Amino acid sequence: MSDDKQHAGGSALLAGFALLASQLSLNFGAAIAKHLFPLVGVEVVTAYRVGLAAVLMLAIFRPWRTPLTWAQGVNVAIYGSVIGLMNLLIYRSFDRIPLGIAVAIEVAGPLTVAVLSSRRPRDFAAVCLAVLGLYFLLPIHGKVDQLDPVGVMYAAGAAVCWALYIVYGKRVSVMHGGQSVAWAMLAASLFIVPIGGWYGGAALLTPSYLLIGLAIAVMSSALPYTLEMLSMRTLSSRTFSMFSSGAPALSALAGMVVLGENLTLVQWLAIASIVLASALTSLR
């Protein structure tokens, strides 16, 4: 094997590990965030996550040192807006349904990206697996009272945002990774933080909540988004989507360990079906 191929393989492996670390940090950060929902509300926790992460990223990477072109500015603004809306929607979903189920629905976003970028026969099997998993998760049969339909709709909205996140994230990944994420988090905070202030008022500035919010911002935004941006520079959108396929299982694990959210066997099998579908669409 040539040195160039070895270097490319090593870079891809490091990118994969970085993406795995980002998923672990993201999901356990989400489990911690859910503890704050009853105290200050979903909107305030989202404002902590996005706003404090933006401050951290701006202080560390100082993105203004490299001015953006008009095209880069538009892509970063869209990318940041998608991040902010995705965070708000998935947190609202977490407030109503278990983490693992919410993320299993949300992962339909990267699954769609992977399917649309490929035309292989196994994609049809993947779609069938995903549909089967969603059928047993969604409140469309049997005991519909077991899953909040509003929470499901929030998760579906987050799925759309996750698909756009991958598309626009790939576009801005050609920039310096940390600087692009810093600009994006600033764009996200410009409309998420005012929403948090509107809902939370003075509670937004409670010192003890701010400290927990800072930990959530690091675990759920600053660290994972930076690692994901670095991964996107090496991995294709399809491969990125494959690595993201494990998110539902990691979320369910985080929910069980941190929050005591025990799922039924059918729900675990449904999540496994969606994880397998996502991996199958991108497996090489």
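Here we summarise the structure given alongside this text. These numbers come from a predicted model, not from an experiment.

**Observations concerning the pattern of salt bridges**
Piece 1. This model, assessed by the stated rule, comprises three salt bridges.
Piece 2. Residue Lys 34 pairs with Glu 261 through a salt bridge whose shortest N-O separation is 2.5 Å. Here the residue Lys 34 occupies a position in helix 1 (residues 3-40), and Glu 261 occupies one in the loop between helix 11 (247-259) and helix 12 (265-282), the gap between them amounting to 227 residues. Exposure class is identical for Lys 34 and Glu 261. Each is buried.
Piece 3. Here Arg 92 ties to Glu 43 by a salt bridge, and the two come within 2.9 Å at their closest N and O atoms. Of the two residues, Arg 92 sits in helix 3 (residues 70-94) while Glu 43 sits in helix 2 (residues 42-61), which places them 49 residues apart along the sequence. Of the two residues, Arg 92 and Glu 43, neither departs from the other in class, the shared state being buried.

**Re the environment of Asn 87**
Piece 1. Tracing the backbone shows Asn 87 in helix 3.
Piece 2. With near-sequence residues (within four places) excluded, Asn 87 lies in contact with Thr 46, Arg 49, Val 50, Ser 221 and Tyr 225.

**Concerning the nonpolar core**
Piece 1. In terms of nonpolar packing, the biggest core is built from 73 residues, with Val 45, Tyr 79, Ile 83, Tyr 91, Phe 94, Tyr 165 and Met 185 touching the most fellow members.
Piece 2. Sort the elements by how many residues they give to this core and helix 2 lands first, with eleven residues.
Piece 3. For Val 45, the residues in contact, after removing those within four places along its chain, are Ala 33, Leu 36, Phe 37, Val 40, Tyr 91 and Ile 216.
Piece 4. Grouped together as the second largest cluster of nonpolar side chains are five residues, Leu 111, Val 115, Ala 126 and Ala 277 included.

**Notes on the side chain of Arg 92**
Piece 1. Engagement of the side chain of Arg 92 in a polar contact is seen with the side chain of Glu 43, the distance being 2.9 Å.
Piece 2. Excluding anything up to four places from it in sequence, Arg 92 contacts Val 42, Glu 43, Tyr 154 and Tyr 199.

**Considerations on the packing of helix 2 against helix 3**
For any two helices packed against each other, the geometry comes down to the angle between their axes and how far apart the axes lie.
Piece 1. At a minimum axis separation of 9 Å, helix 2 and helix 3 run at an interaxial angle of 140 degrees. Taken together, the axes of helix 2 and helix 3 are oblique relative to one another. Note on packing geometry: the crossing formed by helix 2 with helix 3 is right-handed. In contact with Val 42, Glu 43, Val 45, Thr 46, Arg 49 and Val 50 of helix 2, helix 3 contributes Asn 87, Leu 88, Tyr 91 and Arg 92.
Piece 2. Here the contact of helix 2 with helix 3 is built from residues that sort into five nonpolar, two polar and three charged.

**Comments concerning the environment of Tyr 225**
Piece 1. With respect to the secondary-structure elements, Tyr 225 resides in helix 9 (residues 207-232).
Piece 2. Look at Tyr 225 and you get buried, because its relative accessible area is 3%.
Piece 3. In the structure, Tyr 225 is positioned 44 residues away from Val 181 in sequence and 6.8 Å away in space, judged by C-alpha atoms.
Piece 4. Among residues more than four places away in sequence, those in contact with Tyr 225 are Arg 49, Ile 83, Met 86, Asn 87, Tyr 165, Val 181, Met 185 and Ser 220.

**Let's talk about the packing of helix 3 against helix 4 (residues 99-106)**
Piece 1. Here helix 3 crosses helix 4 at 140 degrees, and the two axes come no closer than 9 Å. It follows that helix 3 is oblique to helix 4 by the angle criterion. In the packing of helix 3 onto helix 4, the handedness of the crossing is right-handed. Listed contacts from helix 4 to Met 86, Ile 90, Ser 93 and Phe 94 of helix 3 are Leu 99, Ala 102, Val 103 and Glu 106.
Piece 2. Its residues assigned to classes, the contact of helix 3 with helix 4 comprises six nonpolar, one polar and one charged.

What counts, and at which threshold
All chains use their own residue numbering, which begins from 1 and follows the written sequence. In keeping with the predicted nature of the model, local features appear solely for residues at pLDDT of at least 70, side-chain atom pairs appear and are counted solely at 80 or more, and the whole-chain, interface and lining totals rest on all residues. Each side-chain value is worked out from all heavy atoms of the structure, with water and hydrogens disregarded. Salt bridges are defined by distance alone: a side-chain nitrogen of Lys or Arg within 4 Å of a carboxyl oxygen of Asp or Glu. Secondary structure elements are defined from DSSP: runs of H or I of at least 4 residues count as helices, runs of E of at least 2 residues count as strands, and each element is numbered from the N terminus. Exposure is judged per residue with a 1.4 Å probe applied to protein chains only, and the accessible area is read against the type maximum: over 50% gives exposed, under 20% gives buried, and values in between give partly exposed. Should any heavy atoms of two residues lie within 4.5 Å, those residues are counted as being in contact. As used in this record, nonpolar core signifies buried Ala, Val, Leu, Ile, Met, Phe, Trp, Tyr and Cys residues forming a set joined through side-chain atoms within 4.5 Å. Distance and chemistry together define a polar contact, namely a pair of N or O atoms within 3.5 Å, with one atom able to donate a hydrogen and the other to accept it when in protein, and with adjacent residues in sequence counting only for side-chain atoms on both sides. Here, axes are lines fitted to C-alpha atoms. For helices the fit covers the stretch in contact, and angles between N-to-C directions go from 0 to 180 degrees. These descriptions rest on fixed angle ranges, namely under 35 degrees for roughly parallel, over 145 for roughly antiparallel, 65 to 115 for roughly perpendicular, and the rest for oblique. What makes a crossing left-handed is the near helix being turned counterclockwise from the far one by less than a right angle; a clockwise turn instead makes it right-handed. Amino acid classes used here: Ala, Val, Leu, Ile, Met, Phe, Trp, Tyr, Cys and Pro are nonpolar; Asp, Glu, Lys and Arg are charged; the rest, including Gly, are polar.

The quantities given are spatial measurements derived from coordinates; they are silent on function.
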